[in-house]
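# Secondary and tertiary structure notes
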Amino acid sequence: MSDDALYDRYMKATAAHRAHRKTCPQCSPHARCTSGQRLYETFARIQDAYLARLRRS
């Protein structure tokens, strides 16, 4: 996967997580609903992959 494609996935995951957090009454910085937790884990996994790729470059 190219750096650009990984970056795009990273930004989409960030946007999805933030959008959910803004509209979900159950989510807060310290607690997440099931959907919020899934979105956060996806964001964190892609962020880790993106940062690891930057470090290797």
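Details of the structure are given in the entry above.
Right, let's walk through the structure included here. (Residues numbered from 1 in each chain as written. Predicted model: local features only at pLDDT ≥ 70, side-chain atom pairs only at ≥ 80, totals over all residues. Heavy atoms only, no water.)

Counted according to the given criterion, the structure contains five aromatic pairs. With 5.5 Å between their ring centres and 55° between their planes, Tyr-7 and Tyr-50 make a pair best called tilted. Taken together, the positions of Tyr-7 in helix α1 (residues 3–23) and Tyr-50 in helix α2 (residues 34–56) put the pair 43 residues apart, joining distant regions of the chain. What makes Tyr-7 partly exposed here is its relative accessible area of 37%. Within the aromatic cluster, the residues linked to one another by ring pairs are Tyr-7, Tyr-10, Tyr-40, Phe-43 and Tyr-50. Sitting over the face of the ring of Tyr-40, Arg-32 holds its NZ or CZ atom 3.7 Å from the ring centroid. (Phe/Tyr/Trp six-rings, centres within 6.5 Å; stacked < 30°, edge-to-face > 60°. Helix = DSSP H or I, 4+ residues; strand = E, 2+ residues; numbered from the N terminus. Buried < 20%, exposed > 50% of the residue type's maximum accessible area, 1.4 Å probe, protein only. Lys NZ or Arg CZ within 6 Å of the ring centre and 35° of its normal.)

Attention now goes to the nonpolar core. Formed by Leu-6, Tyr-10, Ala-13, Phe-43, Ile-46 and Tyr-50, the largest nonpolar core amounts to six residues. Listing elements by their share of this core, those giving two or more residues are α1 and α2. Residue contacts for Ala-13: discarding those within four places in its chain leaves Phe-43 and Ile-46. (Core = buried A, V, L, I, M, F, W, Y, C linked by side-chain atoms within 4.5 Å. Contact = heavy atoms within 4.5 Å.)

Interpretation in functional terms is not warranted from these geometric data alone.
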